[in-house]
Amino acid sequence: MTKTDTIIEREKKLISKALSLRFHPISVESASGTRIIDTEGTSYLDLTAGWAVANIGYSREEVAKVIYDQYKKLSFTTQLSAPSETMTTLADELISISPGTFEKKVWFGHSGSDANEFISKFIPVAAGRSKMISFFGSYHGQTMGASSLSGHAAQSMFEGRGNVVKIPYPNEFRPFSGIKENIKEQAIHFVKEVFATVCPPGDTAGVIIEAIQSDGGMVLPPEGFLQALSEICDQHGIYLILDEVKVGLGRTGKWFAFEHDNIIPDAIVVGKSLGAGVPISAVIGRKEIMDAVPAGHMFTASGNPISTAAAIENLSIIKEENLMSNATERGNQFLTGLKEIKKKYNFIGDVRGKGLAIGIEIVESESNQPDPLVTAAICYRSYELGLLVYTVGIHGNVLEITPPLIITENEVQEALNLLEAACEDVAQGDFDYAKLEEYTGWG
Ligand SMILES: Cc1ncc(COP(=O)(O)O)c(C=O)c1O
């Protein structure tokens with residue numbers, strides 16, 4: 001038995017399946033920059049960044065040093081009872097990169113889920129209204145409130161809180177209505193219909209949305225939609241919350257993906273890449289929201305010195321290395337290359353993205369219906385060729401490209417070559433689907 005087989009067998013025996021999404025039989029030994037080394041010593045070019053966490057690349061010396069030094073100086077203090085300098089420095093930094101001239105404050109947690117749990121609890125209290133609106137296909141996390149706000153198939157087994165009304169996310173390639181025209185207008189129409197029926201604006205506390213719906217399938221809303229939604233929220237005194245956990249902090253070429261649409265949310269949720277691999281999340285929002293319930297969302301390790309110090313270093317690397325410009329340039333290179341590949345394979349239905357948040361939608365050639373099995377096959381074959389990519393989407397048929405933002409021009413070309421080779425092998429029938437038995441990702 002190889003070391004990888006042993007780890008996978010032991011994992012199956014010892015660790016809850018509640019944590020498992022599996023795309024390929026990999027176990028990871030180490031990682032550096034954009035490369036992951038498995039327990040057999042094989043190197044992979046990584047287009048996942050560990051679900052958009054390793055934005056500055058893996059295992060950076062600078063962050064390792066900050067963590068080491070911080071631990072020696074102050075291993076722990078909690079925001080619950082005794083603050084330290086790194087908490088306030090990071091809060092200041094997050095406020096300074098967030099648009100909006102109103103007074104803002106920050107809350108710290110450990111995951112996107114606990115941050116969206118904050119939203120679920122605090123927005124209704126701050127607004128003095130009970131209802132929330134969110135979108136089909138959205139993924140906001142796994143705790144009770146965050147899961148209730150989500151509209152993803154992954155949460156379909158669980159009961160949610162009854163105060164959330166879900167409406168279709170405007171998806172130009174695969175509209176919920178089945179009608180491809182006027183997608184923006186259709187979505188606004190839905191908002192107005194729920195206002196007129198089950199969710200009167202006077203009872204609606206907030207609307208939460210992803211500027212790009214990532215786990216929902218890398219769906220970009222049509223131009224002008226977020227602005228129109230923001231205007232409706234302003235009109236009715238409804239808070240607008242942008243969940244930037246996955247696509248925020250530089251990935252789309254700006255600090256926040258919603259900045260491409262010139263809107264100013266009342267609260268922004270970040271997580272994943274904030275700590276460069278160390279768990280930390282944050283909500284940045286209007287003071288009145290953030291202070292709505294003193295001592296109302298407390299976690300012992302919130303704002304801990306290790307995570308906050310790592311996050312400060314992370315943000316400074318993104319600025320100093322111009323990683324947002326690189327995300328824009330490499331993203332354009334990817335999109336251009338992928339659109340060329342699309343011409344050769346009928347099963348590529350759509351290629352879309354912004355910066356380094358890119359999706360490739362895989363379809364049945366004739367019907368254009370989602371094809372999650374071919375998607376899983378391309379994903380698995382890519383792994384066999386040395387390229388890591390995951391699948392997302394409410395139909396499980398979108399290849400997600402979210403590499404570290406440090407990816408180089410040559411590496412993007414290498415990734416395009418490997419993806420094309422994987423597509424070719426699958427198209428030629430040179431892929432054994434029996435390999436997928438345990439590796440269909442979300443399915
Ligand atoms: C947009 C978004 N929000 C929230 C979350 C939940 O974050 P976490 O897994 O850190 O709890 C995710 C995770 O994928 C996400 O993509």
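Residues numbered from 1 in each chain as written. Predicted model: local features only at pLDDT ≥ 70, side-chain atom pairs only at ≥ 80, totals over all residues. Heavy atoms only, no water.

### Some points on the environment of isoleucine 341
Among the secondary structure elements, isoleucine 341 is positioned in helix H11 (residues 323-344). For isoleucine 341 and leucine 21, which are 320 residues apart along the polypeptide, the C-alpha to C-alpha distance reads 27 Å. Ignoring sequence-local partners within four residues, the contact set of isoleucine 341 consists of Ile348, Leu416 and Glu420. (Helix = DSSP H or I, 4+ residues; strand = E, 2+ residues; numbered from the N terminus. Contact = heavy atoms within 4.5 Å.)

### Regarding the site of the ligand
Near the ligand there are 13 residues, and of these Gly112, Ser113, Asp215, Asp243 and Lys272 occur at the shortest range. In the environment of the ligand, an oxygen atom lies 2.5 Å from a nitrogen or oxygen atom belonging to the side chain of serine 113. In this structure, aspartate 243 approaches the ligand through a side-chain N or O atom, which is 2.7 Å from a nitrogen atom. Within the complex, 85% of the 390 Å² of free accessible area of the ligand lies under protein. Take the shell around the ligand: its biggest share by element is three residues, from helix H5 (residues 112-127). For the shell around the ligand, the class distribution of residues is two nonpolar, six polar and five charged. (Near = heavy atom within 4 Å. Polar contact = N/O pair within 3.5 Å; in protein donor to acceptor, adjacent residues only side chain to side chain. Areas by Shrake-Rupley, 256 points an atom, 1.4 Å probe, with all protein chains shown as cover. Nonpolar A, V, L, I, M, F, W, Y, C, P; charged D, E, K, R; others polar.)

### Focus on unusual backbone geometry
Although it is not a glycine, tryptophan 51 sits at a positive phi angle of roughly 60°. Position of tryptophan 51 relative to the elements: it lies in helix H2 (residues 49-52). With a phi angle near 65°, alanine 52 is a residue other than glycine that sits in the positive phi range.

### Looking at the nonpolar core
Counting residues in each nonpolar core, the largest one holds 110 residues, and the members touching the most others are Leu94, Phe334 and Leu338. A per-element tally of this core places helix H13 (residues 409-427) first, with eight residues. The next biggest cluster of nonpolar side chains, apart from the first, holds 19 residues, and it includes Val164, Tyr239, Val245 and Val269. (Core = buried A, V, L, I, M, F, W, Y, C linked by side-chain atoms within 4.5 Å. Buried < 20%, exposed > 50% of the residue type's maximum accessible area, 1.4 Å probe, protein only.)

### Thoughts on the sheet that holds strand E9 (residues 267-270)
A sheet is described by the order of its strands in space; here seven strands give the open sequence E4-E10-E9-E8-E7-E5-E6, paired in mixed fashion. Both outer strands of the open sheet, strand E4 (104-109) and strand E6 (164-167), are each paired with one neighbouring strand and no more. Adjacent strand axes in the sheet meet at a mean angle of 20° when their direction is disregarded. In this sheet, strand E10 (residues 281-286) lies alongside E9 in antiparallel orientation, the contact comprising four bridges. (Pairing = 2+ DSSP bridges. Axes fitted to C-alpha atoms, helices over the stretch in contact; angles between N-to-C directions.)

### Brief notes about the packing of aromatic side chains
Considering all chains together, one arrives at 16 aromatic pairs under this definition. Between tryptophan 51 and tyrosine 390 the ring centres are 4.5 Å apart and the planes differ by 25°, which places this aromatic pair in the stacked class. Of the two residues, tryptophan 51 sits in helix H2 while tyrosine 390 sits in strand E14 (residues 390-392), which places them 339 residues apart along the sequence. For the pair shown, tryptophan 51 and tyrosine 390 are each scored as buried. (Phe/Tyr/Trp six-rings, centres within 6.5 Å; stacked < 30°, edge-to-face > 60°.)

### Focus: the domain arrangement of the chain
Entries for the chain in the domain assignment read domain 1 (3-56 + 322-436) and domain 2 (64-320). Spacing between the C-alpha centres of domain 1 and domain 2 amounts to 26 Å. Each partner contributes to the interface: domain 1 provides 37 residues, whereas domain 2 provides 35 residues. Buried area between domain 1 and domain 2, both sides added, is near 2,800 Å², and the carbon and sulfur share of it is 60%. Broken down residue by residue, the surface that domain 1 buries against domain 2 is led by Met324, Lys354 and Ile394, which jointly contribute 26%. On inspection of domain 1 and its partner domain 2, the count reaches two salt bridges. In this structure, arginine 174 and glutamate 361 form a salt bridge, with 2.8 Å as the shortest nitrogen-oxygen distance. Between domain 1 and domain 2 we count 17 residue pairs in polar contact (both at pLDDT 80 or more) in total. For the side of domain 1 that touches domain 2, the secondary structure elements donating two or more residues are H2, H11, strand E11 (348-354), strand E12 (357-362) and strand E15 (398-401). Classifying every residue of the side of domain 1 that touches domain 2 gives 19 nonpolar, 13 polar and five charged. (Domains from an automatic or database assignment. Buried area = accessible area lost by both parts, 1.4 Å probe. Salt bridge = Lys/Arg side-chain N within 4 Å of Asp/Glu carboxyl O.)

### What to know about the sheet that holds E15
For sheets, the rule is that strands pair by backbone hydrogen bonds, running either parallel or antiparallel. Pairing is antiparallel in the open sheet, where four strands are placed in the order E11-E12-E15-E14. Of all the strands in the sheet, just E11 and E14 have a single pairing partner and so form its edges. Strand after strand, the sheet turns through a mean of 30° between neighbouring axes, direction not considered. Along the sheet face, H11 touches E11, E12 and E15 and points at about 170° away from the line of E11.

### Some thoughts on the packing of H11 against H13
Between two packed helices, what matters for the description is the angle formed by their axes and the separation of those axes. In the contact formed by H11 and H13, the axes pass within 10 Å of each other and the chain directions differ by 20°. Taken together, the axes of H11 and H13 are roughly parallel relative to one another. The element H11 and its partner H13 pack so that their crossing is right-handed. Here H11 contributes Arg330, Gln333, Phe334, Gly337, Leu338, Ile341 and Lys344 to the contact with H13, which in turn contributes Glu409, Val412, Gln413, Ala415, Leu416, Leu419 and Glu420. For the contact of H11 with H13, the per-class residue count stands at seven nonpolar, three polar and four charged. (Parallel < 35°, antiparallel > 145°, perpendicular 65-115°, else oblique. Left-handed = near helix turned anticlockwise from the far one by under 90°.)

### Comments concerning the pattern of salt bridges
This structure, assessed with the given rule, holds 24 salt bridges. In this structure, the salt-bridge partner of arginine 352 is glutamate 361, at a minimum N-O distance of 2.8 Å. You'll find arginine 352 and glutamate 361 in the same group, each marked buried.

### Regarding a nonpolar patch on the surface
Together, Leu14, Ile15 and Leu19 make up a nonpolar patch on the protein surface, roughly 330 Å² of accessible area in all. In this fold, leucine 14 is placed in helix H1 (residues 3-14). (Patch = residues over 30% accessible without salt bridge, like charges linked within 9 Å, V, L, I, M, F, W, Y side chains within 5 Å.)

### Regarding the environment of glutamine 155
With respect to the helices and strands, glutamine 155 occurs in the loop between helix H6 (144-149) and E6. In this structure the C-alpha to C-alpha distance between glutamine 155 and isoleucine 318, which are 163 residues apart in sequence, comes to 33 Å. Those residues within four positions of glutamine 155 in sequence are excluded, and the remaining contacts are Tyr139, Gly141, Gln142, Ser147 and Ser150. A polar contact of 3.3 Å, which involves the side chain of glutamine 155, links it to the side chain of serine 150.

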